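The lines below spell out each chain.
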Amino acid sequence: MSNMIKQEEIETLRELIKDIDMAMLTTATEEGLVSRPMKTQEVEFDGDLWFFTKKNTNKYDEILQNQDVNVAYVGKSYVSVRGRAEIVEDLGKKKELWSKVYEKIMQTSYDDPNLILIKVKAEAAEYWEGGNLIKKIVFYYKRMTGQSSKSTDINETLELND
């Protein structure tokens, strides 16, 4: 995939998620999948998603065991991002992304050694545009009548890997 196409796909995804405050982060456990809400960082999406959490959480342990995650956004559109998570303890990066809102939400400061960042490197994303009512009606009509709904193009898939 050329870098130009990748950059266009990153820009598409950036537009889709830029105003969505909360995301659902899904991790894998031995028992199955677990999802929880996470505050979206106010940073321009460049292929990586960032979230604050603490070490003494299940998601921290789950990511150490299995880095495959999914991040879902719901806003004007529906976006599902598949990627690989990484634990980041870099004090400079925590300070860069920190805001006073987190002090109240997390009851700590950016230099707390228990505070970490989860960096999700997006590998692929799928999105459904919420504003196209005609496409939705045709899609669901075809599904209900047993016809193939593949040609309706109600969703798009972006591959973000090089």
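Up top is the structure these notes are about.
Residues numbered from 1 in each chain as written. Predicted model: local features only at pLDDT ≥ 70, side-chain atom pairs only at ≥ 80, totals over all residues. Heavy atoms only, no water.

The secondary structure content of the chain amounts to 5 helices and 7 strands. Counting from the amino terminus, the chain carries its helices and strands in the arrangement α-β-β-β-α-β-β-α-α-β-α-β. Out of the 162 residues in the chain, the part that is buried amounts to 40%. Restricting the contact set of the chain to residue pairs at least 6 apart, pairs at least 24 apart contribute 65%. When the accessible area of the chain is evaluated, it comes to approximately 9,900 Å², of which 49% is carbon and sulfur surface. (Helix = DSSP H or I, 4+ residues; strand = E, 2+ residues; numbered from the N terminus. Buried < 20%, exposed > 50% of the residue type's maximum accessible area, 1.4 Å probe, protein only. Contact = heavy atoms within 4.5 Å. Areas by Shrake-Rupley, 256 points an atom, 1.4 Å probe, with all protein chains shown as cover.)

Okay, the packing of aromatic side chains next. Counting across every chain of the model gives 3 aromatic pairs. Taken together, a centroid distance of 5.1 Å and an interplanar angle of 90° make the contact between Phe52 and Trp98 edge-to-face. Remark: Trp98 occurs in the loop between helix 3 (91-97) and helix 4 (100-106) and Phe52 occurs in strand 3 (residues 48-54); sequence separation between them is 46 residues. Residues Phe52 and Trp98 agree in their burial class; the two are buried. Ring centres 5.5 Å apart and planes at 40° place the aromatic pair Trp98 and Tyr102 in the tilted group. Like Tyr102, Trp98 is buried. One aromatic cluster is present, formed by Phe52, Trp98 and Tyr102 through successive ring pairs. Here the guanidinium or amino end of Lys93 rests over the ring plane of Trp50, the centre of that ring lying 4.7 Å away. (Phe/Tyr/Trp six-rings, centres within 6.5 Å; stacked < 30°, edge-to-face > 60°. Lys NZ or Arg CZ within 6 Å of the ring centre and 35° of its normal.)

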